[in-house]
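Tertiary structure, described
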Amino acid sequence: MLGLLKKIFGTQQTRLIRKYQKIVSLVNAEEAKLQSLNEQELKQKTEELKARYQAGETLEQLLPEAYAVVKNACRRMWGTDVHVSGYDQKWDMIPYDVQILGAIAMHYGAIAEMMTGEGKTLTASMPLYLNALTGKPVHLVTVNDYLAERDCQWIGAIYRFLGLSVEPLTNKTPHQLRRQVYAADIVYGTSSEFGFDYLRDNSMAQSAQEQLQRGHYFAIVDEVDSILIDEARTPLIISGPTGGSKQMYDMLQNPVAQLVRFQRDLCNKLATDARKTLEQLGRISEGELVKLSKEQEAEEKDAYRKLWLVSKGTPHNKVLKRIKENPDLRSQVDKWDTYFYAEPNKEERTKTLSELYIIVDERASEYELTDKGIHLWGEMGGATDDFVMMDLGYEYAQIDAQEDLDEQAKMQKKVALREADSHRKERAHNLRQLLRAHLLMERDVDYIIAEGKIVIIDENTGRPQPGRRFSDGLHQAIEAKEGVAIQGETQTYATITLQNYFRMYNKLAGMTGTAMTEANEFKEIYKIEVLAIPTNRKGQRKDADDEIYMSEREKYNAILKEIQTIHGLGRPILIGTESVETSEKLSRILRQNKLEHTVLNAKQHDKEAEIIAAAGRRGAIVVATNMAGRGTDIKLEEGVALIGGLHVIGTTRHQSRRIDRQLRGRCARQGDPGTSKFYVSFEDSLLRLFTSPRITALLQRFRPPEGEPISAKVLNKAIETAQKRVEQRNYQMRKHTLEYDDVMNKQRTEVYAFRNEVLRSEDPIGIAREVLEGLCIQMGQKFFVSKSTEGGWNPEGFRQWLITNFPVTFESKDFDDDYLQLTDIEDRAIEKVLEIFNHKISHEEVLIRSVQAQMGDGSTPMSAEEILREVVRSVLLRHIDQLWQEHLLHIDHLRAEVNLRVVGQKDPLLEFKHEAFLLFDSLNLRMKTEIAHALFKFQMVAPKDAPAPKTRKKESKELEFRTNLSLMPELEARQES
Ligand code: ADP
Ligand code: MG
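Each chain has its residues counted from 1, running along the sequence as written. Written order determines the labels here, with chains lettered from A and ligands numbered from 1. The model is predicted, so local features are restricted to residues of pLDDT at least 70 and side-chain atom pairs to those at 80 or more, both for listing and for counting; the totals for chains, interfaces and linings are taken over all residues. By convention in this description, side-chain values take in all heavy atoms of the structure and omit both hydrogens and water.

**Observations regarding the overall build of the protein chain**
Quick note on the threshold: Think of it this way: any DSSP run of H or I at least four residues long counts as a helix, any run of E at least two long counts as a strand, and we number them from the N terminus. When a residue's accessible area, from a 1.4 Å probe over protein chains only, is under 20% of the maximum for its type it is buried; when over 50% it is exposed; and in between it is partly exposed. The contact definition used throughout considers only heavy atoms, calling two residues in contact when any of these lie within 4.5 Å. Only the protein chains shown count as cover for residues, and the accessible areas themselves come from Shrake-Rupley with a 1.4 Å probe. Charge convention: Lys and Arg are scored as positive, Asp and Glu as negative, and His as well as the terminal groups of each chain are ignored. For the purpose of locating charges, the reference atoms are NZ of Lys, CZ of Arg, CG of Asp and CD of Glu.
Scanning the protein chain from N- to C-terminus turns up 34 helices and 22 strands. Along the first, second and third principal axes, the C-alpha atoms of the protein chain reach 105 × 95 × 60 Å. Counting over 977 residues, the protein chain shows a buried share of 52%. Of the contacts formed within the protein chain by residues at least 6 apart in sequence, a portion of 74% connects residues at least 24 apart. Accessible surface computed for the protein chain: about 46,800 Å², of which carbon and sulfur atoms make up 51%. On the protein chain, the mean spot of the 136 positive side-chain charges and the mean spot of the 148 negative ones are 6 Å from each other.

**Details of helix H11 (residues 249–280)**
Quick reminder: α-helices carry 3.6 residues per turn. Residues three or four places apart thus point the same way. Where we set the bar: The span one expects for a helix is its residue count, reduced by one, times 1.5 Å.
Taking 1.5 Å of rise per residue, the 32 residues of H11 would be expected to cover 46 Å, and the 45 Å separating its terminal C-alpha atoms lies within 8% of that figure. Positive backbone phi, at 70°, marks Gly 282, one or two positions downstream of H11.

**Quick look at the site of ligand 1**
Condition: If even one non-hydrogen atom of a residue comes within 4 Å of a molecule or strand, that residue is called near it. Counted as a polar contact is a pair of N or O atoms within 3.5 Å, where, for protein atoms, one must be capable of donating a hydrogen and the other of accepting one, and residues adjacent in sequence contribute only when both atoms are in side chains. Amino acids outside the nonpolar list (Ala, Val, Leu, Ile, Met, Phe, Trp, Tyr, Cys, Pro) and the charged list (Asp, Glu, Lys, Arg) are all regarded as polar, and Gly is one of them.
Neighbouring ligand 1 are 18 residues; Ile 94, Gly 117, Lys 120, Thr 121 and Lys 635 lie closest to it. Between ligand 1 and Ile 94 there is a distance of 2.8 Å, counted from a nitrogen atom to a backbone nitrogen or oxygen. Glu 118 is positioned with one of its backbone polar atoms (N or O) 3.4 Å from an oxygen atom of ligand 1. Relative to its unbound accessible surface of 570 Å², ligand 1 loses 89% to contact with the protein. By residue number, the principal contributor to the shell around ligand 1 is helix H5 (residues 120–132), which donates three residues. Of the residues in the shell around ligand 1, the class split is seven nonpolar, five polar and six charged.

**Regarding the pairing of strand E5 (residues 166–169)**
As a reminder, the rule being used: Two strands pair if DSSP finds at least two bridges between them. Crossovers are described as right-handed under a simple rule: with the strands pointing away from the observer, the path leading from the first strand over the helix to the second runs clockwise.
In terms of strand pairing, E5 meets strand E6 (residues 186–190) through four bridges, oriented parallel. Directly across from Glu 167, in E6, lies its bridge partner Val 187. In this fold, E5 hands off to helix H8 (residues 175–183), which returns the chain to E6; that crossover is right-handed.

**Remarks on the pairing of strand E20 (residues 621–625)**
Most of E20 sits out of view: five of its five residues are buried. A two-sided burial pattern is seen for E20, the buried positions comprising Ile 621, Val 623 and Thr 625 on one face and Val 622 and Ala 624 on the other. Of the strand pairs in this sheet, strand E18 (residues 573–577) and E20 are connected by five bridges, and their pairing is parallel. Pairing of Leu 574 across the sheet is with Val 622, part of E20.

**A word on the nonpolar core**
To keep things clear, this is the line we draw: We call a set of buried Ala, Val, Leu, Ile, Met, Phe, Trp, Tyr and Cys residues a nonpolar core when their side-chain atoms join them within 4.5 Å.
Phe 502, Phe 522, Leu 772, Phe 798, Leu 802 and Phe 806 are the most contacted members of the largest nonpolar core, which totals 100 residues. At 15 residues, the largest contribution of residues to this core is made by helix H32 (residues 864–900). When sequence neighbours within four positions are dropped, the list of residues in contact with Phe 522 reads Ile 111, Val 224, Asp 225, Leu 228, Ile 229, Ala 515, Lys 527, Ile 528 and Val 530. With 63 residues, the next largest nonpolar core counts Tyr 20, Leu 128, Val 166 and Phe 218 among its residues.

**Brief notes about the packing of helix H21 (residues 519–526) against helix H28 (residues 713–760)**
The line we're drawing: Note on geometry: axes are C-alpha line fits, over the in-contact stretch for helices, and angles between N-to-C directions span 0 to 180 degrees. Reported orientations rely on four angle classes, namely roughly parallel under 35 degrees, roughly antiparallel over 145, roughly perpendicular from 65 to 115, and oblique for the rest.
Look at H21 against H28: their axes get within 12 Å of each other, and the N-to-C directions meet at 10°. As the angle between them shows, H21 and H28 are arranged roughly parallel. For the pair H21 and H28, contact is made by Asn 520, Glu 521, Glu 524 and Ile 525 and by Tyr 731, Arg 734, Lys 735 and Leu 738, respectively. Residues that form the contact of H21 with H28 fall into these classes: three nonpolar, one polar and four charged.

**Concerning helix H27 (residues 693–702)**
As a reminder of what qualifies: Summarising the geometry, the arc corresponds to the directions from the helix axis toward the C-beta atoms.
For H27, the set of buried residues is Ile 695, Thr 696, Leu 698 and Leu 699. Buried residues of H27 fall within an arc of 160° about the axis and therefore sit on the same side. Residues of H27 that are exposed and point more than 90 degrees away from the buried face comprise Arg 694 and Arg 701. If you follow the buried residues of H27, they end up packed against helix H14 (327–341) and H28.

**So, the packing of H14 against helix H15 (residues 346–353)**
Relative to each other, H14 and H15 sit at 125°, their axes nearing to 7 Å. If you check the angle between H14 and H15, you find them oblique. Where H14 approaches H15, its residues Trp 336, Tyr 339, Phe 340 and Tyr 341 are matched on the opposing element by Lys 346, Glu 348, Arg 349 and Thr 352. Class assignment of the residues belonging to the contact of H14 with H15 gives a composition of four nonpolar, one polar and three charged.

**A look at the side chain of Thr 134**
Structurally, Thr 134 can be placed in the loop between H5 and strand E4 (138–142). Taking relative accessible area as the criterion, Thr 134 reaches 7% and is therefore assigned buried. Within the structure, the side chain of Thr 134 is placed 3.1 Å from the backbone nitrogen of Lys 136, a separation counted as a polar contact. Those residues in contact with Thr 134, other than ones at most four positions away along the chain, are Tyr 53, Gln 54, Leu 59 and Tyr 217.

**With respect to the sheet that holds strand E7 (residues 218–222)**
Pairing is parallel across the open sheet formed by seven strands, whose spatial order is E5-E6-E4-E7-E14-E3-E15. Both edges of this open sheet fall to E5 and strand E15 (530–532), since each of them pairs with a single strand only. Within this sheet the neighbouring strands show an average axis-to-axis angle of 20°, counted without direction. Bridging between strand E3 (residues 111–113) and E15 involves three bridges; their strand directions are parallel. What sits directly across from Ile 111, in E15, is Val 530. With respect to the sheet, H8 is in contact with E4, E5 and E6, its orientation differing from that of E5 by roughly 135°.

**Some words on the state of the cysteines**
What we call a disulfide is simply a covalent bond connecting the sulfur atoms of a pair of cysteines. Note the following rule: By definition, disulfides here are pairs of cysteine sulfur atoms that lie within 2.5 Å.
According to the stated counting rule, one finds zero disulfides in the structure shown. The thiol of Cys 152 is unpaired, and the distance to the nearest cysteine sulfur, on Cys 74, comes to 15 Å. By relative accessible area, which is 4% here, Cys 152 ends up buried.

**Focus: the packing of aromatic side chains**
Rule in force here: Each pair of aromatic rings taken from Phe, Tyr and Trp, with Trp reduced to its six-membered ring, is defined by centres within 6.5 Å and is described as stacked if the planes are under 30 degrees apart, edge-to-face if over 60, and tilted in the remaining cases.
Applying the stated rule across the entire model yields 24 aromatic pairs. With a centroid separation of 6.0 Å and 65° between ring planes, the pair formed by Tyr 198 and Tyr 752 is classed as edge-to-face. Here Tyr 752 lies in helix H28 and Tyr 198 lies in helix H9 (residues 191–203), a separation of 554 residues in the sequence. You can call Tyr 198 buried: its relative accessible area is 10%.

**Overview of the confidence of the model for the protein chain**
For clarity, the cut-off: Confidence of the predictor at the level of single residues is given by pLDDT, which spans 0 to 100.
Averaged over all residues, the pLDDT of the protein chain is 86; the fraction at 70 or higher stands at 92%. Note that residues 946–977 has pLDDT below 50 and, in this model, 36 contacts with residues that lie over four places away or in other chains.

**Thoughts on unusual backbone geometry**
In this structure, Lys 594 takes a positive phi of about 55° despite not being glycine. Phi angles above zero are rare outside glycine, and Ala 668 is one such case at about 60°.

**What to know about the side chain of Glu 844**
Structurally, the position occupied by Glu 844 is in helix H31 (residues 822–855). The class for Glu 844 is buried, based on a relative accessible area of 1%.

**Focus on the pattern of salt bridges**
For the record, the criterion: What makes a salt bridge here is a side-chain nitrogen of Lys or Arg within 4 Å of a carboxyl oxygen of Asp or Glu, nothing more.
A full pass over the atoms with the stated rule returns 59 salt bridges. A salt bridge links Glu 149 to Lys 172; its shortest N-O distance comes to 4.0 Å. Of this pair, Glu 149 sits in helix H6 (residues 145–154) while Lys 172 sits in the loop between E5 and H8, and the two are 23 residues apart along the sequence. Accessibility expressed as a relative area gives 30% for Glu 149, which makes it partly exposed. Here Glu 865 and Arg 849 are joined by a salt bridge, their closest N and O atoms 3.3 Å apart. Placement of the pair is Glu 865 in helix H32 and Arg 849 in helix H31, with a sequence separation of 16 residues. Glu 865 sits in the partly exposed class, given a relative accessible area of 34%.

**Brief notes about a negative patch on the surface**
Cut-off, in case you're wondering: Patch construction takes residues with relative accessible area above 30% that form no salt bridge. Like charges are linked within 9 Å, and nonpolar side chains (Val, Leu, Ile, Met, Phe, Trp, Tyr) are linked within 5 Å.
A cluster of acidic residues, Glu 757, Glu 762, Asp 763, Glu 770, Glu 773, Asp 824, Asp 827, Glu 831 and Glu 835, forms a negative patch on the protein surface. Contributions of two or more residues to the negative patch are made by helix H29 (764–783) and H31. Considering each element in turn, the negative patch owes the most residues, four residues, to H31. If you trace the backbone, Glu 757 turns up in helix H28.

As structure tokens, then:
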């Protein structure tokens, strides 16, 4: 079956390659023709191709010529100086055929898988140039700011030569220049800059002129797996302070820390007790095992049970770790796992676990308090019901049943109860996150502390992600745990996942050295295919088998030995690590052994490109977190190829095979020689968490002497299986995030579309009228459902609603008439509401004129109509934004809440979808209602301390007027009291 699939897959790939190769020949033929043109004539090609596109030729028809133009431009630029990253470089690139092939694949919306060093940066120039001929926005997405600048200067030389504009977009690009940047034909920038600008355009811009982006036509994502897979787990969020924080992290931190300490002490005691017993029984030292009495056997068994318990309470316990280095002891501990796994022993398992305060499931990244833990929490001053939810429905019913209370009193009781409930929920939530921070988040692995702030480390890349925060209060919890300043509670103003941002482009393509293992995900989520492009020269890299050790200690010793040997030959070495912590550990080892080296870890992001670029020098040793310096080429110093090229050492297998391939790909580029090898130990988290207990049994059999690697083919297989399992799990997690965001995406699109309409409309007052009309219709439908059902026709209710919401009067008879149809009723209501609104508008207009007359000579640059239009526009915008933000907050809460319902056998996603829909419905109604209120509320007033207008120049007067204008909506609050 698999073989067959592979075959079909294989042939499909080869078929495409063959098809595109024919186009490559066309490109080359065209380019040959272009060689006879003079430079001016070549440059004119851009205008010509643009004109032909406008006249109806398709991009596919233009492709061979356009690509040929790029190739020919490269030929002409040969030997010229290009200024890149502070240095002058001689241009020395003309696209190879495989690059043209990759360029064709990308135009057709594929991900071109091209090995590191194959020249993807140049490859992208062809589809970018072609698509920019349309005049529509074309973006190239890089992994970091450095590469955006570099590639824009470097490859940008081609576009500039051919008369297209290109701009870099980085974190440093000032806001006021960004509109200009986006106006360029081609923009090079990072995904977060693009994404955040999109969010700002749609949630903060107050006028169409403030919006930066021109739209989303074509994007190529460089290192596409890094951006669409690794980074896709945390959505982009714009947030700001929220009014009235209720968080209690500060207050809860100490007791939580204490609870965790109790647990640690308990486990420590269990572990040392167990060790003592095992020592006494001669189980720890090597050599002949003495025969044990029955009693001693029981003692031994209990010691292992204790250790098992420790593994559930504090998985990182040092004593436990040490004991597990010995495969015999390890298998004894694991036996308890198997034993408790069996159905009849479940109860005993629960009972055993109840000795702990907290049960930690590292694998699922979850934890749970036992009754004992909850009890202790109570004794430490916590509330025992901190972990129990209130059943509001039940409590309300109780209140309703109290006959001695009147309606008012019942209402008050319910409000008080709801307050108490929300306080309790907040407290419980803070508590949960604090415990998570203590039990599952590790410093220097999951985050670092930089300049008194908690900075997230991306678990795949080891990069710090300043500016991003763990969501849902976890960040604050970690701040409390580490004793750094707790940032105020924030509220989401706007949010989007990268997945949904990139799905907005009409056409999306990508390139990377490693996409095949995730081909399925790319296809399912983004509908893009991965096409493997052959290399320009035959690859020379030799990958050694993994070396597998029992303990980390032995593993590091072996790595050190290897470094010494290879370094002795003068070959450069690149060592990839999984975390900042390992980088530092390794650096210590190297220092102790007097090996000069450079450490490149997440903490020094700025210099990484330079260091990586120098990693190919003779004798260089560079220690780097996985994928640090990604996108920067490692060039070998002269002579290094002769002694074998770069040697890459992986210090563990990563959770994803893709990251391992990425590391290997750092050597042997463009036909250079190079070698790679991975070192693994049974203490690595991948093996610790994701291999089966059967492996331990196997280890006992293949157990090597201290310091020797274990060689068993089964193990390689087991590691790969573990990796696949984690990959699958991570994919599910990303899909999960996306499924939730998809629900939001529909709502976001709708609200943003409405907002943009308001922003760009010539006639916002017209939109305001539509809102009023829509509201009347919507409410009409609520009050008049059917004449035949009891209470289904409610003229009085409708009348009451109208008079409470609008400054209008209606008589009872206006709607209470059997001959009236719903549409008649609606018409009547709308007519009157609009009449009074029109009246209001003309009244304000008169007011503005009189203010204008007071202020100056009457020739104010903005007419009264214009001013009024802008005021209404800003009233609309303000309410859209405010209510949408509130909605996002409700959605956040809903997300947290549905997860609690898993207990009730309900599918949280379904629950979420359903309730998010209801919430959106009520948002819709609330938005209309509040806008309606505001439309009747605002009033124009003269600026309070307007300076004597006549002494001012006209220009500044205009400014004054505008400033006051923008303040206008604030006056609202002062209005009605
Ligand atoms: P990738 O992104 O695929 O890893 P880069 O775009 O960083 O590769 O290019 C790697 C190196 O190959 C660069 O130093 C570049 O100058 C060189 N290169 C790329 N294409 C060509 C070419 N057609 N001719 C000569 N050198 C090239
Ligand atoms: Mg690259």
